[in-house]
Amino acid sequence: MSFAFHRPDSIDAAIAVAREHGASARFLAGGTDLIIQINRRRIAPEHLISLAGLGLDTIGETGSEFVIGAMATHDAVVGHPAFQKQLKALTEASAVVGGRQVRNIATVGGNIVNASPAADLVPVLLTLDATVELRGGAGTRTLPLDRFLVERGRTERRPDEILTAVRFDKPPADSATAFLKAGRRKAMEISVICVAAHLVSDGKARIAIGAAASRTLRVPAAEAIVEKGGRAAFAEAGRIAARQMSPIDDVRASARYRRLLVAAMVERALGICADRIEGKST
Ligand SMILES: Cc1cc2nc3c(=O)[nH]c(=O)nc-3n(C[C@H](O)[C@H](O)[C@H](O)COP(=O)(O)OP(=O)(O)OC[C@H]3O[C@@H](n4cnc5c(N)ncnc54)[C@H](O)[C@@H]3O)c2cc1C
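As the structure is a computational prediction, the values presented were derived from the model and not from experiment.

Before going further, it helps to spend a moment on helix H10 (residues 234–244). Listed as buried for H10 are Phe 234, Ala 237, Gly 238, Ile 240, Ala 241 and Ala 242. Tucked inside the fold, the buried residues of H10 contact strand E13 (205–210), helix H9 (220–229) and helix H11 (255–277).

The end-to-end C-alpha distance of H11 is 33 Å, a good match for the 33 Å that 23 residues give at a rise of 1.5 Å each. Those residues of H11 lying buried are Arg 258, Arg 259, Leu 261, Val 262, Met 265, Val 266, Ala 269, Leu 270, Ile 272, Cys 273, Ala 274 and Arg 276. Its buried side turned inward, H11 meets strand E11 (175–182), strand E12 (193–200), E13, H9 and H10. Once H11 ends, the next one or two residues include Gly 279, with phi positive near 75°.

Another point: the environment of Ala 253. Following the sequence through the fold, Ala 253 ends up in the loop between H10 and H11. Every residue in contact with Ala 253, bar those within four places of it in the chain, is listed here: Val 192 and Arg 258.

Take the domain arrangement of the protein chain next. Each assigned domain of the protein chain is listed with its residue range as follows: domain 1 (1–49) and domain 2 (175–277). The straight-line distance from the C-alpha centre of domain 1 to that of domain 2 is 35 Å.

Overall, antiparallel pairing links the five strands, which are arranged E4-E5-E10-E6-E7 in an open sheet. Of all the strands in the sheet, the pair left with one neighbour each is strand E4 (59–61) and strand E7 (139–144). The mean angle between the axes of side-by-side strands here comes to 25°, regardless of whether they run parallel or antiparallel. As paired elements, strand E6 (residues 131–136) and E7 share six bridges and run antiparallel to each other.

So, on to the site of the ligand. As a structural note, the neighbourhood of the ligand is formed by 29 residues, with Ala 29, Gly 30, Gly 98, Gly 110 and Asn 111 the closest of them. Those elements that provide at least two residues to the shell around the ligand are strand E2 (25–28), helix H2 (34–39), helix H6 (108–113) and strand E10 (162–169). When residues of the shell around the ligand are assigned to their parent elements, the largest contribution, four residues, is made by H6.

So, on to the packing of H9 against H10. One way to put it is that H9 packs onto H10 with a least axis distance of 8 Å and a crossing angle of 170°. With respect to each other, H9 and H10 are oriented roughly antiparallel. The segment H9 lies against H10, with Ala 221, Ala 222, Ile 225 and Val 226 engaging Phe 234, Glu 236, Ala 237, Ile 240, Ala 241 and Gln 244.

Among the nonpolar cores identified, the biggest contains 84 residues, and Val 195 and Ala 269 are the most heavily contacted of them. The element that contributes the greatest number of residues to this core is H11, accounting for nine residues. Two domains share this core, each providing at least three of its residues, namely domain 1 (1–49) and domain 2 (175–277). Contacts of Ala 269, omitting those with residues within four sequence positions, involve Ala 178, Leu 180, Val 195, Ala 196 and Ala 197.

With respect to the helices and strands, the residue Gly 271 is situated in helix H11. When the C-alpha positions of Gly 271 and Ala 178 are compared, they lie 9.1 Å apart, and in sequence the two are 93 residues distant.

All right, on to the sheet that holds E2 then. Taken in spatial order, the three strands line up as E1-E3-E2 in an open sheet, and their pairing is parallel. Looking at strand neighbours, the two that pair on one side only are strand E1 (4–6) and E2, the edges of this open sheet. Between one strand axis and the next, the sheet turns through 25° on average, direction left out of account. Of the pairings in the sheet, the one linking E2 to strand E3 (residues 47–50) comprises four bridges and is parallel in character. Following the sheet pairing, Leu 28 is matched in E3 by Ser 50. Each of E1, E2 and E3 is contacted by helix H1 (residues 11–21), which is oriented at about 165° to E3, the strand it contacts most.

Contact pair H10 / H11: the axes reach a minimum separation of 8 Å and the direction vectors enclose 145°. The chirality of how H10 crosses H11 is right-handed. In this structure, H10 contributes Phe 234, Ala 235, Ala 237, Gly 238, Arg 239, Ala 241 and Ala 242 to the contact, and H11 contributes Arg 259, Val 262, Ala 263, Ala 264, Val 266, Glu 267, Leu 270 and Gly 271. Tallied by class, the residues present in the contact of H10 with H11 amount to ten nonpolar, two polar and three charged.

This part takes up the environment of Val 266. Here Val 266 shows up in helix H11. With sequence-adjacent residues up to four places away left out, Val 266 is seen in contact with Val 195, Ile 207, Ala 222, Ala 237, Gly 238 and Ala 241.

Rules and cut-offs
- Within every chain, residues take consecutive numbers counted from 1 along the sequence as written.
- Local features in a predicted model are, by the rule used here, given only for residues with pLDDT of at least 70; side-chain atom pairs are given and counted only at 80 or more, and totals for whole chains, interfaces and linings are based on all residues.
- Residues with at least 20 neighbouring C-beta atoms inside 10 Å of their own are called buried, those with 12 or fewer are called exposed, and the rest are partly exposed, where every C-beta is derived from the backbone.
- A run of H or I in DSSP counts as a helix once it spans at least four residues, and a run of E counts as a strand once it spans at least two, with each numbered from the N terminus.
- What counts as a contact here is a pair of residues whose C-beta atoms, placed from the backbone, lie within 7 Å.
- Expected helix span is computed as 1.5 Å times (number of residues minus one).
- The domain boundaries here were taken from an automatic or database domain assignment.
- Pairs of strands are assigned from DSSP output, requiring at least two bridges between the strands.
- Note on geometry: axes are C-alpha line fits, over the in-contact stretch for helices, and angles between N-to-C directions span 0 to 180 degrees.
- The C-beta atom of each residue is placed using the backbone, and any residue whose C-beta lies within 6 Å of a molecule or strand is treated as near it.
- Any angle that falls under 35 degrees is termed roughly parallel, while one over 145 is termed roughly antiparallel, one within 65 to 115 roughly perpendicular, and all others oblique.
- Remark: nonpolar core denotes a set of buried Ala, Val, Leu, Ile, Met, Phe, Trp, Tyr and Cys residues whose joining runs through C-beta atoms within 7 Å.
- Should the near helix be turned anticlockwise from the far one by less than a right angle, the crossing is termed left-handed; should it be turned clockwise, right-handed.
- Three residue categories are used. Nonpolar comprises Ala, Val, Leu, Ile, Met, Phe, Trp, Tyr, Cys and Pro, charged comprises Asp, Glu, Lys and Arg, and polar comprises the others, including Gly.

See the structure below:
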């Protein structure tokens, strides 16, 4: 393994290095996905461009939305005071990414750009209708996260674009989110299935599922039935979601078991959201 390490002092300088070296360069955030891929010889970039120290690690808010900088770590998400109530699913997802050392360095942007179908934070962000902000040689653009994700390991990002932030609207007071993860053990485990749900008391529902297809997916048909039927439709939403997934058989779980998990976890995540809205649980 041999590469040149670049430590640019501004976002523009980082983009310039990426433009100069094209496909042979990669941006480096926490490195917890990238360095493993290099070590396993899946990729062999000749240039690594550090995104540290460029001011991309803040979590902020405007009047109507939250803005999470791409370099914010999972630990920062877990500890953020604004993410303990309606947005609790964010902390529930970031809290189960790897172990303490991983969460201390691994970033939100890396979790998104790596585009693993099992990325834990991504389903939560999909249920929040999040958008991603990309900055590259051609300027800045914003894309819905749902459009940004293409399939396992592939996004709409151009090689010289830095994901600078992820944005989503502040949720109403009468709303709740929930995140559930199933794995073979409780800690340091990539999801066998993960599910996020977001309910608003006016009926709006969002459901997203990870590790059950070639990318993390929302399930509009299941959302629609919850929007019509409320709590009585939660179990049916789970069954619809399970039918729409295309999970794989692998050493960690069979496709059949994954489908059973999707059905049960969607119903449970929706139930947790409803209980949170009604004040029956925190
Ligand atoms: C032991 C271990 C356990 C793990 N457990 C989990 C888990 O339970 N759940 C889970 O979801 N993940 C897990 N991961 C994966 C990983 O920690 C997360 O996906 C993490 O969020 C990746 O962030 P990073 O900053 O380390 O990304 P990096 O490895 O630095 O980058 C990942 C990819 O994204 C690109 N990239 C990163 N940031 C940007 C940016 N801002 N703009 C453009 N491109 C960018 C990089 O070039 C690279 O291709 C685990 C990893 C390890 C090593």
